[in-house]
Amino acid sequence: MPKISVIMSVYNEQENLQESIGSILNQSFKDFEFIIINDGSIDKSLEILNQYTDKRIKVFNKKNSGLPASLNFGFSKSQGDYIARMDADDFSHRDRLKIQNDFLDKNQSIDLVGSNIRIIDENQNIIGFKKVPESSKEISKSLIYTCPIMHPTYLFRKSIFNKVEGYREEFIYAQDYDFLLRLSLKNVNFYNIQEYLLDYKIYKNLRINKKFNQMRFSKLAKKLHKQRLKEGKENRRTYDQVKVLNNLNPIYSLMINLFFYFNENSENGSFIKKLLFKVLKYKFGFLSPTISRTLIDDLIFYKFIKGK
């Protein structure tokens, strides 16, 4: 039996796939199986996957069902004691699995471990760094405001997955945040290793609907979590309050586009430029109930949690 099961879902990732897979196959830690689910790709992803002869790789081809369903399927096929997440457009550093495996072996009270990440653009240039809260206490404190563990850096004990019956397939966005929030009520302890163990790719032209729906589902996850804390259970009707919108109202779409544009440009350039874009970001962000709630949570998190 392998020590670690690495699970990757692939949907139309022919441009990044070989390098992403290579970053796992070239790990200094060797005792793993690599479960790759082709989630109905219509590009050359499956053709690329079928070229591999490494016995650690197990490829499954299935009809497109979304990331959470694919991850649950991959988990059902896993044999490892630990489960590692990996996305098909990111790159794990050579010692990632070794460092995380050794940490869980030595710290039996920790159930899920992540790490800091380097942020890269579409040309794999490093454009930033993301440092995440370290201790279980800091992470638990942060959870109600933000998702403090990066999904593709997860390594966790297989035993905790069934505590919450895996990922919820309704969460086609923010499934990782919902997963962590539910685990937090099951006496599960988290930790983030303060090393940069993964390169995380972001896309300049990511569709506005995808960004907005990521925000909407994060808000839903928070709302359900608060219901569990307050009432001991969820109000199932809450699911009906968040719909995936393929076509936003043109005026609303313009407003949200401006918010994300100002948000992306508020971290670069001169002090005056960053200040101007941040002012505009909040000006347009607070015009949307969904975005305004997120901004308030961010302000609370950075002022009182991260900025302690």
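Structure's up top.
Residues numbered from 1 in each chain as written. Predicted model: local features only at pLDDT ≥ 70, side-chain atom pairs only at ≥ 80, totals over all residues. Heavy atoms only, no water.

Student: What is the right way to look at the pattern of salt bridges in this model?
Tutor: Tallied over the entire structure, the rule returns 11 salt bridges. Asp 39 serves as the salt-bridge partner of Lys 62, at 3.7 Å between the closest nitrogen and oxygen. Here the residue Lys 62 occupies a position in strand β3 (residues 57-62), and Asp 39 occupies one in strand β2 (residues 32-39), the gap between them amounting to 23 residues. Notably, a salt bridge pairs Asp 102 with Lys 98, separated by 3.0 Å at the nearest N-O pair. With a gap of four residues between them, Asp 102 and Lys 98 both fall in helix α4 (residues 96-106), about one helical turn apart. Each member of the salt-bridge network shares a partner with another, and the members are Arg 168, Asp 178, Arg 182, Arg 228 and Glu 234. (Salt bridge = Lys/Arg side-chain N within 4 Å of Asp/Glu carboxyl O. Helix = DSSP H or I, 4+ residues; strand = E, 2+ residues; numbered from the N terminus.)

Student: What should I look at first to understand the packing of helix α8 (residues 250-265) against helix α9 (residues 271-285) in this one?
Tutor: Helix packing for two helices is described by the angle between their axes and how far apart those axes are. For the pair α8 and α9, the least separation of the axes is 8 Å and the interaxial angle reads 150°. Comparing their axes, α9 and α8 come out roughly antiparallel. Crossing handedness for the pair α8 and α9: left-handed. Together, Met 255, Leu 258, Phe 259, Tyr 261, Phe 262, Asn 263 and Asn 265 of α8 and Lys 273, Phe 277, Leu 280, Lys 281, Phe 284 and Gly 285 of α9 make up the contact between the two elements. (Axes fitted to C-alpha atoms, helices over the stretch in contact; angles between N-to-C directions. Parallel < 35°, antiparallel > 145°, perpendicular 65-115°, else oblique. Left-handed = near helix turned anticlockwise from the far one by under 90°. Contact = heavy atoms within 4.5 Å.)

Student: Is there a simple way to explain helix α6 (residues 175-183) in this structure?
Tutor: One full turn of an α-helix is made of 3.6 residues, so residues set three or four places apart face in the same direction. Burial of α6 is extensive: nine of the nine residues sit out of reach of the surface. Every buried residue of α6 is accounted for by Gln 175, Asp 176, Tyr 177, Asp 178, Phe 179, Leu 180, Leu 181, Arg 182 and Leu 183. (Buried < 20%, exposed > 50% of the residue type's maximum accessible area, 1.4 Å probe, protein only.)

Student: When you look at the side chain of Ser 45 in this model, what are you seeing that I'm missing?
Tutor: Mapped onto the secondary structure, Ser 45 falls in helix α2 (residues 45-49). Excluding anything up to four places from it in sequence, Ser 45 contacts Val 10, Asn 12, Glu 13, Gln 14, Leu 17 and Asn 38.

Student: Would you mind going over the pairing of strand β6 (residues 112-120) with me for this structure?
Tutor: For a regular strand, side chains alternate in direction, first toward one face of the sheet and then toward the other. Across the nine residues of β6, eight count as buried, placing the element largely inside the fold. For β6 and strand β8 (residues 155-157), the ladder comprises two bridges, and the chain directions are antiparallel. The residue bridging Leu 112 from the neighbouring strand is Phe 156, located in β8. Pairing of β6 with strand β9 (residues 190-201), which is carried by nine bridges, proceeds in the parallel orientation. Bridging across to β9, Ile 120 finds its partner in Lys 201. (Pairing = 2+ DSSP bridges.)

Student: Help me understand empty space enclosed by the protein in this model?
Tutor: The gaps left among the atoms become clear once a water-sized probe is rolled over them. Scanning the model with the defined rule gives one cavity of 30 Å³ or more in all. For the largest cavity, the calculated volume is near 30 Å³. Taken together, Ile 7, Leu 71, Ile 83, Arg 85, Phe 156, Phe 161 and Tyr 167 form the lining of the largest cavity. Looking at side-chain class alone, the lining of the largest cavity contains six nonpolar, no polar and one charged residues. (1 Å grid on protein atoms, 1.4 Å probe; cavity = no way out; pocket = protein on both sides within 12 Å on 5 of 7 lines; lining within 4 Å. Points joined across faces, edges and corners; volume = space filled by probe spheres on them. Nonpolar A, V, L, I, M, F, W, Y, C, P; charged D, E, K, R; others polar.)

Student: Whenever I open this one, a nonpolar patch on the surface confuses me. Can you help?
Tutor: Taken together, the side chains of Phe 271, Ile 272, Leu 275 and Val 279 define a hydrophobic patch exposed on the protein surface, amounting to about 440 Å² of accessible area. Relative to the helices and strands, Phe 271 is located in helix α9. (Patch = residues over 30% accessible without salt bridge, like charges linked within 9 Å, V, L, I, M, F, W, Y side chains within 5 Å. Areas by Shrake-Rupley, 256 points an atom, 1.4 Å probe, with all protein chains shown as cover.)

Student: Please clarify how the packing of aromatic side chains should be interpreted in this entry.
Tutor: Think of a pair of aromatic rings as described by two things: how far the centres are apart, and how the planes are tilted against each other in angle. Scanning the model with the defined rule gives 14 aromatic pairs in all. Where Phe 129 meets Tyr 196, the ring centres are 5.4 Å apart and the plane angle is 75°; that geometry is what we call edge-to-face. One end of the pair, Phe 129, is in strand β7 (residues 126-130); the other, Tyr 196, is in strand β9, with 67 residues separating them in the sequence. Here Tyr 196 falls in the partly exposed class, since its relative accessible area comes to 31%. An angle of 50° between the planes, with centres 5.9 Å apart, marks the rings of Phe 161 and Phe 179 as tilted. Separated by 18 residues along the polypeptide, Phe 161 in the loop between β8 and α6 and Phe 179 in helix α6 bring together distant segments of the chain. Pair check on accessibility: Phe 161 and Phe 179 agree, each one buried. (Phe/Tyr/Trp six-rings, centres within 6.5 Å; stacked < 30°, edge-to-face > 60°.)

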